[in-house]
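The lines below spell out each chain.
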Amino acid sequence: MRQRSILAVMVLTFMLCAQIAGAEADREKLLKEPGIYATFAVFKVGDEWWKLDRDARTKAVAEAKSVFQKYSEQMTIDTYLLRGLSEKADFFLRIHSKEMSHNQNVLIDFMGTTFGKALKNTDTFNGITKALNYVPSFPEELKTELKTPPPPSSPYVLVVPIRKDAEWWMMPHDPRAALMKEHTDATVAYLKTVKRKLYHSSGLDDLDFITYFETAKLDDFNNLVIGLLKVKENRHNKRFGDPLLLGTIRSLDEILEVFSR
Amino acid sequence: MRQRSILAVMVLTFMLCAQIAGAEADREKLLKEPGIYATFAVFKVGDEWWKLDRDARTKAVAEAKSVFQKYSEQMTIDTYLLRGLSEKADFFLRIHSKEMSHNQNVLIDFMGTTFGKALKNTDTFNGITKALNYVPSFPEELKTELKTPPPPSSPYVLVVPIRKDAEWWMMPHDPRAALMKEHTDATVAYLKTVKRKLYHSSGLDDLDFITYFETAKLDDFNNLVIGLLKVKENRHNKRFGDPLLLGTIRSLDEILEVFSR
Amino acid sequence: MRQRSILAVMVLTFMLCAQIAGAEADREKLLKEPGIYATFAVFKVGDEWWKLDRDARTKAVAEAKSVFQKYSEQMTIDTYLLRGLSEKADFFLRIHSKEMSHNQNVLIDFMGTTFGKALKNTDTFNGITKALNYVPSFPEELKTELKTPPPPSSPYVLVVPIRKDAEWWMMPHDPRAALMKEHTDATVAYLKTVKRKLYHSSGLDDLDFITYFETAKLDDFNNLVIGLLKVKENRHNKRFGDPLLLGTIRSLDEILEVFSR
Amino acid sequence: MRQRSILAVMVLTFMLCAQIAGAEADREKLLKEPGIYATFAVFKVGDEWWKLDRDARTKAVAEAKSVFQKYSEQMTIDTYLLRGLSEKADFFLRIHSKEMSHNQNVLIDFMGTTFGKALKNTDTFNGITKALNYVPSFPEELKTELKTPPPPSSPYVLVVPIRKDAEWWMMPHDPRAALMKEHTDATVAYLKTVKRKLYHSSGLDDLDFITYFETAKLDDFNNLVIGLLKVKENRHNKRFGDPLLLGTIRSLDEILEVFSR
Amino acid sequence: MRQRSILAVMVLTFMLCAQIAGAEADREKLLKEPGIYATFAVFKVGDEWWKLDRDARTKAVAEAKSVFQKYSEQMTIDTYLLRGLSEKADFFLRIHSKEMSHNQNVLIDFMGTTFGKALKNTDTFNGITKALNYVPSFPEELKTELKTPPPPSSPYVLVVPIRKDAEWWMMPHDPRAALMKEHTDATVAYLKTVKRKLYHSSGLDDLDFITYFETAKLDDFNNLVIGLLKVKENRHNKRFGDPLLLGTIRSLDEILEVFSR
């Protein structure tokens, strides 16, 4: 009888490891490939939450965690803490999957937990990843620069939603690519310290792009943005931020701990 | 005695089928004809709702459903789930009928149910369907393209309210039709994967148009909108979205299930 | 003893009839004359209301009604239902009297009732009626057209607050009157189906005009507004609606019934 | 023993009278002199207030009154009722003193009373009075006109916050004074019926000016504002109102009575 | 036994003094050096707070104080009272430290106290201090002027968030420095009465600069801002204030006392 149990545990462990390995592989794909749907869901903890006693809060947090685990094979879920650095929200999730409806389903489940019901969803940004638009036409030197490996892990996250004006979209490809080259030149000095990712949102949200950054050096990021404000492409940013999100990259456990104290 | 009962059931069943068939015919008409009034009523579930126990929620949901059934012969009511993909709302109704006051009446009844009282009506868009404005003057080839049958059924819905600037309205018909031809040309590639419907709102709401889309391919929709941003008519969009609604097409039962869990 | 009572009732009835007749005459005057102050008070029923039991709601509704009756000789109070067709509010009152302070007093009394305390006053527009500004200089033919009797009674109401730009106000009278003639020409086709009234608000509110309409044909109203969007005067509308109010004309009893169910 | 009491009462009465006389003199000074700090504090009564029973409300109102009395020597506090004529607020205070911190202190005390805690502070405008800027350069005739005594007491108050554009501030003094002369000319006809006062707010608030008016004739005020909209200086008003406050001048007792019913 | 206690107290006192001295030194550095991260966290006290009894409020205030003490070595925390002079908030904290995450940590701890949970975080501005940008190129005379010592201690604080337009950023350094010289010239007359500090926010917030001022003379500050509105650089301020914060500099104890009464 006991041997059977041991066997069962071994099998389960093996299955779990295989699953995790598979999930890891998927994570790599979901974060790198084009055609992936991303949802940034931003939340503020409501007053109701703090009226629950500590035990109820701890249980609620465990329930929320189990929702994310349930969906972990189908999608990546990254978590970020805004509280203290933004008046608008307390934390946000960045979800990647192959179908927007998957993003919706996990969020519906999460928002249906006791913790989720105490949250106010203050902002949601939807986007899709796509193949690089302008890089193929850039000079070889710049292409090489762009291969600089980004910093491996960083404490800070920044998200800047962007909307372009009508003149931008109406510009023919070549002058637009020239402006984007000037824009890209301004970023080269920061490739080593600022990691970035781009999402396309036209038609999926009241935005054209979600720009996402990770860095350990906020002074570099401040200089990078000043550099981008100085190039002509900036004239076509009808919206830049509003809200800009500045937070710290924290595990789900760390974030939930803040709200279960 | 028993035979009478059977007869009664048969008669009732027949009447019900006839009624449904009639309703179906009406649905076809209401969704196709000009001169139909549409109301998009967008709702967010309030905190009060989650304080009800599960039983009360289940009963409330049944009550809400019976309101819609009561009005089903007079109008079409389509239902969409936004929760998870929009911070602004949880779901919306699209109602078509021959009189705006019918739309008002069903919504008043719905908002007077226990479920309705727990909702916050976050947005309402009113419009009217009209005969095609510019298509009659388009070249035959484009007219033929526009007969491409739309995709039969799709998981995603998108609603984009639009307001034009004064210059648009002041433009003579011919240059305006030329801009609309350029706009329409940009949509041809997506006729197979994106279904669309147009409502006119000037004077009925703080809008000029409600544009409604169904699709299974959000990547196509993203490209379609980028195409539309690139045509000159886009210069005259004073408002495009704000809010753009992205959701999934779900039956009333599916939506109510999310909120009765 | 009994005869005395009968006499008393007769006298009271007579006085009441006389009073009503007087009130009616006043109503005519208040709705037609220049120099009358109007307040549009827009309300949304708060969550607190629905927590009252049905009896308390019925009593509260009677109390609210008696406030309006108390002031009925001094002013006209018209009532409109927005619920279902506007996310912003549930109903509004249009009050006319000879002094703005009368409008304030009745509203203070109304807002002090149990029903009033459960309301959120979402918008208030103040204005004054004035003699026609541009019509005297219009050609005789147009003046004759403008005498077309408006539709006698209509189910729908529309209110469009308007603010003009600085260029409008700085324009000399003659070119301004020419623009207003073009504007008025665009309305002639709809005089039979759309009734209208104008209030001046500069300095009394964050508006320049409140435009008020009644109609049975919302399709005509949609076309009328499109006609007005196409004339040059439209270039000078800094604000047109925001909010545009679309509702149905309902008696106080009908409106209160919706909220006492 | 009894005589002593009488003496004490006499002394107290005398002191009180002397104090009131002093206060009156101060009131004159505070309302006329330059270098006085003014705070307009606008409040809306919250739902919590109406949940108190009548007794608690009456006591709370007395407490609020005693705060104002405590500060009455140091400052003037004028009170105005907005309820019914503005959706944004119920009443406002206009405070004048020699130091902005005095204005803050009385408001902190007031907001700390039971009544104050039930209020929502919806708007606050801060300003300073200054010597006349443009009048010294006006022609003698206009200077004489400007000495027209204002109406002695009026039922209505109007407050219009104003923000000028960059071009206004960059204009040299002479052309700016010419525009202000044109502006002032447009006001001459209304000096008899409209009393006015100006506060400077640049750097003290998100405003450049607070313009304050008292009148018995709102029709005159409407015409006065239309006159001001027609002069070229109006092109430089980036903000005019938003919110414009229209209310009635009421004693503290009258206002508190409305909220203690 | 008693001697040991005395010794322990002496040691503790010594350690505390050393610590305070160290902290003081750090304060000097954190307030003067470039590369320091600042967070302005603005709060409004919520209705929930006033429902606590006085004892609970006193305890909560002590708890909040201890959080600040815990972090006092790592950062400076300055406190300001807005209540009464701003409808938007009641008080704000200005935090300086060497890492933005330290600012976040103290704020998370503070917001997790009983007092913190009753607060609404209405605004947060993040910035970084940097070496002077334009001063090195200014003429010697102006450089000397700029060495005027600021007023040593002042009762009033003013914070003005600023966002520049695209043209500003695109301007080459020399004409931009010329505009900044003109701007700086306008401030010279006020160096003796207005103390100022500048934070850079591009990319760290929806701002470009946080400008911070202390003064005893609000009339001077009003004139200073009017002077700045008149220089050409003002044309490039897309946002100036909104909100401008005007408050008084008060110790943590004074602020907490206002809310523990």
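As the structure is a computational prediction, the values presented were derived from the model and not from experiment.

A. Fine view of the overall build of chain A. Assigned secondary structure in chain A consists of 10 helices and nine strands. Taking the intrachain contacts of chain A between residues at least 6 apart in sequence as the baseline, contacts between residues at least 24 apart amount to 83%.

B. Looking closely at the pairing of strand S7 (residues 209-215) of chain D. All names here are of chain D. Burial of S7 is extensive: six of the seven residues sit out of reach of the surface. Sheet topology note: the strand S5 (residues 156-164)/S7 ladder contains seven bridges and is antiparallel. Each residue of the ladder has a partner; that of Tyr 156, found in S7, is Thr 215. Judged from the seven bridges that link them, strand S6 (residues 194-200) and S7 form a sheet pairing that is antiparallel.

C. Representation of the relation of the copies chain A and chain B. With an axial shift of 0.0 Å and an RMSD of 0.0 Å, the rotation relating chain A to chain B amounts to 72 degrees. Both copies of the chain, as the preceding transformation shows, are related through a five-fold rotation axis.

D. Summary view of the interface of chain B and chain C. Between chain B and chain C, the contact holds 28 residues from the first and 30 residues from the second. Residue assignment for the side of chain B that touches chain C shows that the elements contributing at least two residues are strand S1 (37-45), helix H4 (100-111), strand S4 (119-128) and helix H7 (166-170) of chain B. With seven residues, the top contributor of residues to the side of chain B that touches chain C is H4 of chain B. Looking at the side of chain B that touches chain C residue by residue, the class counts come to 10 nonpolar, 13 polar and five charged.

E. The arrangement of the interface of chain A and chain B in detail. With 28 residues of chain A at the interface, the matching set in chain B holds 30 residues. For the side of chain A that touches chain B, the elements supplying multiple residues, two or more each, are strand S1 (37-45), helix H4 (100-111), strand S4 (119-128) and helix H7 (166-170) of chain A. Considering only residue class, the side of chain A that touches chain B consists of 10 nonpolar, 13 polar and five charged.

F. Spotlight on the arrangement of the chains. With no contact between them, chain A and chain D keep their nearest C-alpha atoms 17 Å apart. Chain B makes no contact with chain E; the smallest distance between any of their C-alpha atoms is 17 Å.

G. Quick look at the packing of helix H3 (residues 54-70) of chain D against helix H10 (residues 252-260) of chain D. All names here are of chain D. Relative to each other, H3 and H10 sit at 155 degrees, their axes nearing to 9 Å. Looking at the two axes, H3 sits roughly antiparallel to H10. The hand of the H3/H10 crossing is right-handed. Here Arg 57, Thr 58, Val 61, Ala 64, Lys 65 and Phe 68 of H3 lie close against H10, whose contacting residues are Leu 252, Leu 256, Phe 259 and Ser 260.

H. Main features of unusual backbone geometry. Residue and element names in this part refer to chain B. Of note, the amide linkage connecting Asp 242 to Pro 243 takes the cis form, showing an omega dihedral of 5 degrees. Within the secondary structure layout, Pro 243 lies in the loop between strand S8 (237-240) and strand S9 (245-249). Of note in this structure, Asp 242 is not a glycine but carries a positive phi near 55 degrees. Position of Asp 242 among the secondary structure elements: in the loop between S8 and S9. According to the C-beta neighbour criterion, Asp 242 is exposed, with 10 such atoms within 10 Å.

I. Fine view of the environment of His 102 of chain C. Residues and elements named next belong to chain C. Mapped onto the secondary structure, His 102 falls in helix H4 (residues 100-111). Remark: the alpha-carbon pair of His 102 and Glu 257, spanning 155 residues in sequence, is separated by 26 Å. Residue contacts for His 102: discarding those within four places in its chain leaves Gln 74, Met 75 and Ser 97.

J. Geometry of the pairing of strand S3 (residues 91-97) of chain A. Residues and elements named next belong to chain A. Of all seven residues that make up S3, seven are buried, and the element is covered over most of its length. Burial along S3 is two-sided: Phe 91, Leu 93, Ile 95 and Ser 97 and Phe 92, Arg 94 and His 96, pointing in opposite directions, are all buried. Across seven bridges, S1 lies against S3 in antiparallel orientation. Within S3, the residue paired with Ala 41 across the bridge is Leu 93.

K. Here's a closer look at the environment of Pro 151 of chain E. Residue and element names in this part refer to chain E. Mapped onto the fold, Pro 151 is located in the loop between helix H6 (140-145) and strand S5 (156-164). Of the residues examined, Pro 151 has 14 C-beta atoms within 10 Å and is grouped as partly exposed. Considering only alpha carbons, one finds Pro 151 and Lys 192, 41 residues apart in sequence, at a separation of 5.9 Å. Sequence-distant contacts of Pro 151, that is, excluding residues within four places in its chain, are made with Lys 192, Thr 193, Lys 195, Thr 215 and Ala 216.

L. A look at helix H9 (residues 218-229) of chain E. If you check H9 of chain E, its first and last C-alpha atoms are 16 Å apart, about what 12 residues at 1.5 Å a residue would give, namely 16 Å. Three or more residues of H9 of chain E are buried, namely Leu 218, Phe 221, Asn 223, Leu 224, Val 225, Leu 228 and Leu 229 of chain E.

M. Layout of helix H10 (residues 252-260) of chain C. Those residues of H10 of chain C not exposed but buried are Ile 255, Leu 256, Phe 259 and Ser 260 of chain C. An end-on view of H10 of chain C places all buried positions within 130 degrees of arc, on one side of the element.

N. Structural view of the nonpolar core. If you look at the biggest cluster of nonpolar residues, it comprises 322 residues, and the most contacted ones within it are Phe 92 of chain A, Phe 92 of chain B, Phe 92 of chain C, Phe 92 of chain D together with Phe 92 of chain E. Residue contacts for Phe 92 of chain C: discarding those within four places in its chain leaves Phe 40, Ala 41, Val 42, Phe 43, Tyr 80, Leu 82 and Leu 245 of chain C.

O. Summary view of the environment of Leu 207 of chain B. You can see Leu 207 of chain B is positioned in the loop between strand S6 (194-200) and strand S7 (209-215). Measuring from C-alpha to C-alpha, the distance between Leu 207 of chain B and Pro 34 of chain B comes to 19 Å, with 173 residues separating the pair along the chain.

P. Representation of the confidence of the model for chain A within the structure. Averaged over all residues, the pLDDT of chain A equals 92, while 90% of them reach at least 70. Scoring the predicted complex yields pTM 0.92 and, for the interface, ipTM 0.91.

How each quantity is defined
Residues numbered from 1 in each chain as written. Chains lettered and ligands numbered in written order. Predicted model: local features only at pLDDT ≥ 70, side-chain atom pairs only at ≥ 80, totals over all residues. Helix = DSSP H or I, 4+ residues; strand = E, 2+ residues; numbered from the N terminus. Contact = placed C-beta atoms within 7 Å. Buried ≥ 20, exposed ≤ 12 C-beta atoms within 10 Å, placed from the backbone. Pairing = 2+ DSSP bridges. Least-squares fit on C-alpha atoms with pLDDT ≥ 70 in both. Nonpolar A, V, L, I, M, F, W, Y, C, P; charged D, E, K, R; others polar. Axes fitted to C-alpha atoms, helices over the stretch in contact; angles between N-to-C directions. Parallel < 35°, antiparallel > 145°, perpendicular 65-115°, else oblique. Left-handed = near helix turned anticlockwise from the far one by under 90°. Expected span 1.5 Å × (residues − 1). Arc of directions from axis to C-beta. Core = buried A, V, L, I, M, F, W, Y, C linked by C-beta atoms within 7 Å. pLDDT = per-residue confidence, 0-100.

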